[in-house]
Amino acid sequence: MNASLFARLVSGFPADRAKVFLETEDGTEVSFATMLAAAGRIATLLRGAGVEPGDRVAVQVEKSAEAVYLYLACLQVGAVYLPLNTACTATELDYFLTDSEPKALICDPAAAEAAAPLAAVVGARLLTLGADGAGSLIAESAGLVSDRQVTERAGGDVVAILYTSGTTGRSKGAMLTHDNLWANVATLHWLWGFRPGDVLVHALPLYHTHGLFVALNLMLMNGGKLILLPRFEAEAVIDRLARATVLMGVPTFYTRLLASPRLTKEAVSGTRLFISGSAPLLTQTHAEFEARTGQRILERYGMTETGMSASNPLVGERRAGTVGMALPGVELRVCDAGGAPAPAGEVGVLEVRGPNVFKGYWRMPEKSAAETRADGFFVTGDLATIGADGYVTIVGRAKDLVISGGLNIYPKEVEEALDALPGVIESAVVGAPHPDLGEAVVAVLTVSADPGDVPAALRARLSGFKLPRHVAVVETLPRNSMGKVQKNLLRERFRDVFQAG
Ligand code: MCA
Ligand code: AMP
């Protein structure tokens, strides 16, 4: 049997391919037939450009229906889909392309000139796709025959690489297989009760696990329908909830929805399920959302390397402040730093084993080994407890990480950029609670001269969401006897900088 994710997803499409799969922001409807035909033409273009099974196709484009066709085309030809954040700077892009050596790069027409030399160096065919669907990808594929052939793949073959930063060193490309993504989507489809007629409002980015492998894959498997919005905007989402049955989002979506007086019971009367993940959902948000809409948000937990691992139940208690229980077929355990299981109910590092766990980091076997136990459990770096009834509570992070609006920021990367600024002697980056983003970046510096406008000085090097929202200059950084910066003290000291009043 062909284990290609494409073949498995398409098997869930309705027999009547004239049915609508997605609706764009302006109300344009796209049928399954239109989508498959367009994906097939792009498949022909990619094959013609020499893309072979296993070759990487790097994609840095805005959200659009065409971006969905491109994703499907990559799966169809057996390529490795490699999505990149549209906020990446040239420095970040340089690293991702040099490391992954893609056969093709698809970027925004406005970015093509800057990307061309880099594409040439790595030997990638450069194609363009804009938010409006314009660009060489669609123009060049328009006249081509729509290929129907689905490249044969084994379940263990890599289908996608997603870069994730690390607490030390370079970003790592997490390799996900056809089996990983299929196992996860099939489990979620059953667990969350997806059924024909479900309509999902899609306002997440298409370059992360949440928007791509949870939201999009689920609706592909379910046979539609997706309301595809280019980005999250609370009023636009509320406008569409009357026609939708499911919303997926990061906690910031829910706090921003609550800020609108238009979020009422009536506005969500047709919506059966609100799902939250990627960052902790405050119990307060959970309670406010229930009071306003009568609906209890379903919180789940995941990671790029593992897809989804735990979820609150569809039927049963959705317990605020927890991420629910291990998914069927997934094992979770809590261990001490050495890997010994912690006694029940005690805090330790959460470890995951199951068909959802990735194949390893691209060309970094030593990093893959360092984060995997001999018995196959992957070490998440999240601190958790597991109750006697199986409910998992994420209580913190062993890894040095800030999650801002559902986006991960590794302090080390920001500190390296800060340390390179004139006037900065040393730096420490921590997260502080933020009413909109959950957490936001605080940079603490020691200086030899006025460093000026620090966020502005970092902008060329770091994506906008990684820039510090608060900069503080101190005499010295607090250190322990080993000389290590005591970030817990800094977190304590700066915990109120973003609080109003
Ligand atoms: C944008 N900005 C941010 C963020 N997003 N700053 C901090 N944190 C952010 N998350 C900055 C931009 O650089 C810009 O600054 C300014 O805010 C406005 O940008 P804009 O694009 O208008 O922002 P927004 O539309 O308000 O976006 C906020 C957002 C968005 C809706 C929360 O970031 C979002 O959709 N987040 C979801 C991320 C996600 O999908 N995470 C899942 C990862 P300037 O103008 O100065 O440049 S997958 C995962 O974590 C695992 C697997 C899981 O469990 O799901
Ligand atoms: P990423 O590396 O982008 O895949 O982000 C994964 C990280 O997001 C996890 O290791 C957690 O730290 C965090 N995360 C995801 N879902 C939740 C959740 N429901 N509650 C708390 N943290 C979460």
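It should be emphasised that the depicted structure is a prediction, and the values quoted were computed from it without experimental measurement. (Residues numbered from 1 in each chain as written. Chains lettered and ligands numbered in written order. Predicted model: local features only at pLDDT ≥ 70, side-chain atom pairs only at ≥ 80, totals over all residues. Heavy atoms only, no water.)

Colleague: Before we go on, may I ask you to explain the environment of arginine 240 in this structure?
Modeller: Inspection of the secondary structure assignment puts arginine 240 in helix 9 (residues 234–241). Arginine 240 gets classed as buried once you look at its relative accessible area, which sits at 13%. C-alpha of arginine 240 to C-alpha of alanine 267: the two residues are 27 residues apart in sequence and 9.0 Å apart in space. (Helix = DSSP H or I, 4+ residues; strand = E, 2+ residues; numbered from the N terminus. Buried < 20%, exposed > 50% of the residue type's maximum accessible area, 1.4 Å probe, protein only.)

Colleague: Help me out: how do you make sense of the packing of aromatic side chains in this one?
Modeller: Aromatic ring pairs are defined here through the distance separating the ring centres and the angle between the ring planes. Counted under the stated rule, the structure contains 12 aromatic pairs. Seen from their ring centres, phenylalanine 274 and phenylalanine 289 are 4.9 Å apart, and the 70° between their planes marks the pair as edge-to-face. Taken together, the residues span a long stretch of sequence, with phenylalanine 274 in strand 12 (residues 273–276) and phenylalanine 289 in helix 11 (residues 283–293) at a distance of 15 residues. Judged by its relative accessible area of 0%, phenylalanine 289 is buried. For the pair phenylalanine 358 and tyrosine 361, a centre-to-centre distance of 4.8 Å together with 70° between the ring planes defines the contact as edge-to-face. Neither residue differs from the other here; phenylalanine 358 and tyrosine 361 are each classed as buried. Of the aromatic side chains, those joined through ring pairs into one cluster are Phe13, Phe21 and Phe32. (Phe/Tyr/Trp six-rings, centres within 6.5 Å; stacked < 30°, edge-to-face > 60°.)

Colleague: Mind showing me how you'd approach the nonpolar core here?
Modeller: Soluble globular proteins tend to bury their nonpolar side chains together. Residues Phe21, Met35, Ile106, Trp192 and Met248 are the most contacted members of the largest nonpolar core, which totals 113 residues. At 10 residues, the largest contribution of residues to this core is made by helix 3 (residues 65–76). Apart from the residues lying within four places of it in its own chain, the contact partners of methionine 35 are Phe13, Phe21, Val30, Val68, Tyr69, Leu72 and Leu220. The next biggest cluster of nonpolar side chains, apart from the first, holds 21 residues, and it includes Val80, Leu84, Cys88 and Phe96. (Core = buried A, V, L, I, M, F, W, Y, C linked by side-chain atoms within 4.5 Å. Contact = heavy atoms within 4.5 Å.)

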